Amino acid sequence: MKKVFWLLALLLVGFSSLPTQAGSHPTRTNRAGNPNIAPKNDAEGIQFTETSWKEVLKKAKAEKKVIFLDAYASWCGPCKMLQKNVFTKKAVGDFYNSKFINVKMDMEKGEGPALSQVYPLEAYPTLLFIDGNGKVLKKVLGYQSPEDLIAIGKSVKSASM
């Protein structure tokens with residue numbers, strides 16, 4: 001019994017000393033003190049539009065573009081990995097910035113809870129491709145590599161033409 005206790009204690013100490021994020025990924029803190037994924041302002045990666053959902057739909061309709069919605073939660077590890085390792089890649093940004101209206105939405109804050117009623121989620125991250133009328137064209141769950149995300153985007157573009 002003592003061995004089990006010490007093993008658990010050692011594991012807890014070990015996990016509590018691990019960094020919550022690799023590297024120096026920028027975070028911001030909301031009013032509740034919870035870390036939130038901060039959008040990077042790098043010109044290389046995906047540039048996410050920061051406006052109301054109503055305006056995003058209007059813009060998508062006017063520009064005849066599909067919306068790429070990253071539906072995430074601030075506590076989600078794979079969501080943070082997408083933000084750090086995929087959305088920041090030049091090739092991903094070049095493709096998505098030219099073809100889609102890109103939106104990130106914390107589905108537990110702001111407009112997110114209302115939006116999750118319209119677009120029910122099964123897991124985080126959920127990547128949604130939505131037309132200007134609000135119809136989901138494609139739904140992808142989980143972490144995607146940069147190459148896979150570009151391939152998915154290409155399949156959505158060819159199907160929506």
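All values reported here derive from a predicted model rather than from experimental measurement.

### With respect to the packing of aromatic side chains
A full pass over the atoms with the stated rule returns eleven aromatic pairs. A connected cluster of aromatic rings, assembled from ring pairs, spans Phe48, Phe68, Phe87, Phe95, Tyr96, Phe100 and Phe129. Seen from the ring of Phe48, Lys104 lies directly overhead, with NZ or CZ sitting 5.1 Å from the centre. The ring of Phe100 has Lys157 lying over it, and the distance from NZ or CZ to the ring centre is 5.7 Å.

### Quick look at the state of the cysteines
Applying the stated criterion to the full structure yields one disulfide. Note on cysteine connectivity: Cys76 is disulfide-linked to Cys79, with sulfurs 2.3 Å apart. Across the disulfide from Cys76 to Cys79, rotation about the S-S bond amounts to roughly 80 degrees, and the bridge is consequently right-handed.

### Some details on the environment of Ala151
Among the structural elements, Ala151 can be located in helix α6 (residues 146-159). C-alpha separation for the pair Ala151 and Val92, spaced 59 residues apart in sequence, amounts to 10.0 Å.

Thresholds, definitions, all that
- Residues numbered from 1 in each chain as written.
- Predicted model: local features only at pLDDT ≥ 70, side-chain atom pairs only at ≥ 80, totals over all residues.
- Heavy atoms only, no water.
- Phe/Tyr/Trp six-rings, centres within 6.5 Å; stacked < 30°, edge-to-face > 60°.
- Lys NZ or Arg CZ within 6 Å of the ring centre and 35° of its normal.
- Disulfide = S-S within 2.5 Å.
- Helix = DSSP H or I, 4+ residues; strand = E, 2+ residues; numbered from the N terminus.

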